[in-house]
Amino acid sequence: QVQLVESGGGLVQAGGSLRLSCAASGRTFSRNTMGWFRQAPGKEREFVAAINWSGGSTRYADSVKGRFTISRDNAKNTVSLQMNSLKPEDTAVYICAADRSLYAGVAITTRTLYDYWGQGTQVTVSS
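These numbers were taken from a predicted model, which means no experiment stands behind them.

Enquirer: Got a minute to help me understand the nonpolar core in this structure?
Expert: Inside soluble globular proteins, nonpolar side chains tend to come together where they are buried. One finds Trp36, Leu81, Met83 and Tyr94 to be the most contacted residues of the largest nonpolar core, which totals 36 residues. Elements with a minimum of two residues in this core: strand E3 (18-25), strand E4 (34-39), strand E5 (46-51), strand E7 (68-73), strand E8 (78-83), strand E9 (92-99) and strand E11 (121-126).

Listed below in structure tokens is the structure:
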């Protein structure tokens, strides 16, 4: 059974940092783009960051560019999201995902191309 399990969420004050991790099991995703999305109450799920299979391509939403960094460890089948300078508007459930394509040269940002999803981890940023 394929699973993506997120961890590292929590409550932090504005300006603080958190590091999210996503562990994959059931199959390897070393050939797939991995991404992070987030969903706030009453809002649609939105793209946050993605990294292609080799780590050579990363993409970020404009709202997090310069503050968040995505990375991956293919040997451990994990992907991480370092979040710095957090703002109250970053409050959401953060969800890890893996896309369907293999060996993509460019990280995929389109939500509909992701086939595997985790349950999410809550991030709350207080002002």
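Anyway, onward from the coordinates.
Enquirer: What exactly am I supposed to notice about empty space enclosed by the protein here?
Expert: The method is simple in principle: a probe with the dimensions of a water molecule rolls over the atoms, and the space it marks as empty is what remains. Here the structure, examined in full by the defined rule, presents 1 cavity of 30 Å³ or more. What the largest cavity holds in volume is close to 40 Å³. Lining the largest cavity, in full, are Phe29, Ser30, Met34, Arg72, Asp73, Asn74, Asn77, Thr78 and Val79. Elements with a contribution of two residues or more to the lining of the largest cavity: E7 and E8. Taken together, the residues of the lining of the largest cavity sort by class into 3 nonpolar, 4 polar and 2 charged.

Enquirer: Even after reading the chapter, I still don't get the state of the cysteines, so can you show me in this structure?
Expert: What is meant by a disulfide is a covalent connection between two cysteines, made through their sulfur atoms. Applying the stated criterion to the full structure yields 1 disulfide. Across the disulfide from Cys22 sits Cys96; the S-S distance is 2.1 Å. One disulfide, between Cys22 and Cys96, carries an S-S torsion of -75° and so falls in the left-handed class. With Cys22 in strand E3 and Cys96 in strand E9, this residue pair connects regions lying 74 residues apart in the sequence. Take Cys22: its relative accessible area is 1%, and that puts it in the buried class. Taking the relative accessible area as the measure of exposure, Cys96 reaches 0% and is therefore buried.

Enquirer: Can you help me understand the pattern of salt bridges in this one?
Expert: When charged atoms on two side chains of opposite charge get close, those side chains can pair. Within the structure shown, the criterion is met by 5 salt bridges. As a salt-bridge pair, Asp90 and Arg38 come within 2.9 Å of each other at their nearest N and O atoms. With Asp90 in the loop between E8 and E9 and Arg38 in strand E4, this pair connects stretches of sequence that are 52 residues apart. Take Asp90: its relative accessible area is 1%, and that puts it in the buried class. Notably, a salt bridge pairs Asp115 with Arg100, separated by 3.0 Å at the nearest N-O pair. Note that Asp115 is positioned in strand E10 (residues 114-117) and Arg100 in the loop between E9 and E10, a separation of 15 residues in sequence. Judged by relative accessible area, which is 45%, Arg100 ranks as partly exposed.

Enquirer: I keep staring at the sheet that holds E7 and nothing clicks. Help me out?
Expert: Within a beta sheet, neighbouring strands are joined by backbone hydrogen bonds and run either parallel or antiparallel to one another. With respect to topology, 4 strands assemble into an open sheet ordered E1-E3-E8-E7, the strand pairing being antiparallel. Looking at strand neighbours, the two that pair on one side only are strand E1 (3-7) and E7, the edges of this open sheet. Taking each pair of neighbouring strands and ignoring which way they run, the sheet shows an average axis angle of 15°. In this sheet, E8 lies alongside E7 in antiparallel orientation, the contact comprising 6 bridges. Of the residues in E8, the one forming a bridge with Ser71 is Ser80.

Here is what the cut-offs are and how they apply
- Residues numbered from 1 in each chain as written.
- Predicted model: local features only at pLDDT ≥ 70, side-chain atom pairs only at ≥ 80, totals over all residues.
- Heavy atoms only, no water.
- Core = buried A, V, L, I, M, F, W, Y, C linked by side-chain atoms within 4.5 Å.
- Buried < 20%, exposed > 50% of the residue type's maximum accessible area, 1.4 Å probe, protein only.
- Helix = DSSP H or I, 4+ residues; strand = E, 2+ residues; numbered from the N terminus.
- 1 Å grid on protein atoms, 1.4 Å probe; cavity = no way out; pocket = protein on both sides within 12 Å on 5 of 7 lines; lining within 4 Å.
- Points joined across faces, edges and corners; volume = space filled by probe spheres on them.
- Nonpolar A, V, L, I, M, F, W, Y, C, P; charged D, E, K, R; others polar.
- Disulfide = S-S within 2.5 Å.
- Salt bridge = Lys/Arg side-chain N within 4 Å of Asp/Glu carboxyl O.
- Pairing = 2+ DSSP bridges.
- Axes fitted to C-alpha atoms, helices over the stretch in contact; angles between N-to-C directions.

Function cannot be read off these values alone, since they describe shape.
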